[in-house]
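# What the coordinates show
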Amino acid sequence: ELGITTQESSRNFDRLQKSGLITKNSDGLYHLSTFGKAICLQIPSLVFLSQNKPFFEKHSLDEIPLKFRQRIGALVEGRPIKGFVKVQEIWQTIYQKANEYVYNVLPELPLEIIKLAIKKADNNVEIKNVFSDSMIVPNGRKKILENQNFVNHIKKGTIERKMKNDVRIALVLNEKEAVVSFPNLDGETDLSQLFYSKSSSFHEWCLDLFRYCWYESGAFRENKLQS
């Protein structure tokens, strides 16, 4: 199946055994060693970074806490999405398909997302937001927020907001799917490209990162926003 000779196959088994990646039992069968199993867990990270090498030549992971960088292989099934229009479409789709919650970590807040958040909260979908304290808000936001439904959702806690210092990444997820974007090498937010997936490992990574950001954030302060 590998297209190699029996002799070469045997030599490869010898190399793997000498390196400690596999062991041979009394029946002559090979198995992954504890060391080998641990090494295999690193393969998704290598695959994800290798498959997206051109992206990471222009983007940084430095804004992500170390424990999430160590788990970056969880994003291996992430599909790259490029272009502002497609990115906005994916964000809106995540909102539209949400039945339980939508969690956001956002350095910028598109007007359409605000409208969708209110509509979803009207249907008892939980909305939680972590905003950058340097976020620039769009024109028209104030008028939308004067909507009585929005005021009521804030009071009830259906919509919750927190603020974090200098957010550079973006996360948007519902109970089934998620997207994440990373800053460029200068540390600047890049919302023109992101990774999207419905896979459980991808979603879990994004959900854990959201929770980390949520508990690391402070109270929302309207006067910190820039128009």
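Please refer to the structure placed before this passage.
Presented here is an overview of the structure given in this document. All values reported here derive from a predicted model rather than from experimental measurement. (Residues numbered from 1 in each chain as written. Predicted model: local features only at pLDDT ≥ 70, side-chain atom pairs only at ≥ 80, totals over all residues. Heavy atoms only, no water.)

### Some words on helix α1 (residues 6-18)
Our working definition: Numbering of helices and strands runs from the N terminus; a helix is a DSSP stretch of H or I covering at least four residues, while a strand is a stretch of E covering at least two. Each residue after the first adds 1.5 Å to the expected span of a helix.
In a regular helix each residue adds 1.5 Å, so 13 residues correspond to 18 Å; α1 covers 18 Å between its end C-alpha atoms and thus fits that length. Where α1 ends, the next residue or the one after it, G20, has phi of about 85°, a positive value.

### Structural notes on the pattern of salt bridges
To keep it simple, the criterion reads: Every case where a carboxyl oxygen of Asp or Glu lies within 4 Å of a side-chain nitrogen of Lys or Arg is listed as a salt bridge. Using a 1.4 Å probe on the protein chains alone, a residue whose accessible area is under 20% of its type maximum counts as buried, one over 50% counts as exposed, and one in between counts as partly exposed.
Evaluation of the coordinates by the stated rule reveals six salt bridges. In this structure, the salt-bridge partner of D208 is R71, at a minimum N-O distance of 3.0 Å. With D208 in helix α10 (residues 200-216) and R71 in the loop between α5 (66-69) and β3 (79-82), the pair connects residues that are 137 residues apart, well separated along the chain. Overall, D208 belongs to the partly exposed group, its relative accessible area being 22%.

### Comments concerning the packing of helix α6 (residues 84-97) against helix α7 (residues 111-122)
Selection criterion: Throughout, an axis means a line fitted to C-alpha atoms (over the contacting stretch in the case of helices), and angles, computed between N-to-C directions, take values from 0 to 180 degrees. An angle counts as roughly parallel when it lies under 35 degrees, as roughly antiparallel when it exceeds 145, as roughly perpendicular when it falls between 65 and 115, and as oblique in every other case. The criterion used for residue contact is that any of the two residues' heavy atoms lie within 4.5 Å. Throughout this entry, Asp, Glu, Lys and Arg are counted as charged residues, while Ala, Val, Leu, Ile, Met, Phe, Trp, Tyr, Cys and Pro are counted as nonpolar. The remaining residues, Gly among them, count as polar.
As a packed pair, α6 and α7 sit with axes 10 Å apart at the nearest point and diverge in direction by 5°. The orientation of α6 relative to α7 falls into the category roughly parallel. Between α6 and α7, the contacting residues are W91, Q92, Y95 and Q96 on the first element and E112, I113, L116, A117 and K120 on the second. Grouping the constituent residues of the contact of α6 with α7 by class yields five nonpolar, two polar and two charged.

### Quick word on the environment of N184
We apply this condition: Nitrogen and oxygen atoms within 3.5 Å of one another constitute a polar contact, given that in protein one can donate a hydrogen and the other can accept it, and given that sequence-neighbouring residues count only through two side-chain atoms.
Of note, N184 is situated in the loop between β8 (178-181) and β9 (193-197). Separated by 124 residues in the primary sequence, N184 and S60 have C-alpha atoms spaced 5.6 Å apart. Excluding anything up to four places from it in sequence, N184 contacts K58, H59 and S60. One polar contact links the side chain of N184 to the main-chain amide nitrogen of D186, over a distance of 2.9 Å.

### Brief notes about the nonpolar core
Worth spelling out the cut-off: Residues belong to one nonpolar core when they are buried, are Ala, Val, Leu, Ile, Met, Phe, Trp, Tyr or Cys, and are joined through side-chain atoms within 4.5 Å.
One finds W91, Y95, I127, V172 and V179 to be the most contacted residues of the largest nonpolar core, which totals 34 residues. Per-element accounting of this core gives the leading share, six residues, to α7. Setting aside chain neighbours within four positions, we find I127 in contact with Y95, V102, N104, A117, K120, A121, T158, I159 and E160. Membership of the second largest hydrophobic core comes to 29 residues, among which are I169, A178, F202 and F210.

### Overview of empty space enclosed by the protein
Using the following cut-off: Put simply, the grid is 1 Å and covers the protein atoms alone, a cavity is a trapped set of points that fit a 1.4 Å probe, a pocket is an open set with protein on both sides within 12 Å along at least five of seven lines, and lining residues have an atom within 4 Å of a point. Grid points are joined across faces, edges and corners, and a volume is the space filled by probe spheres set on the points.
Inspection of the entire model under this criterion finds one cavity of 30 Å³ or more. The computed volume of the largest cavity comes to approximately 130 Å³. L109, I114, N129, F131 and F150 are the residues nearest the centre of the largest cavity, which is lined by 13 residues in total. Those elements that provide at least two residues to the lining of the largest cavity are α7, β5 (126-132), α8 (141-145) and β6 (159-164).

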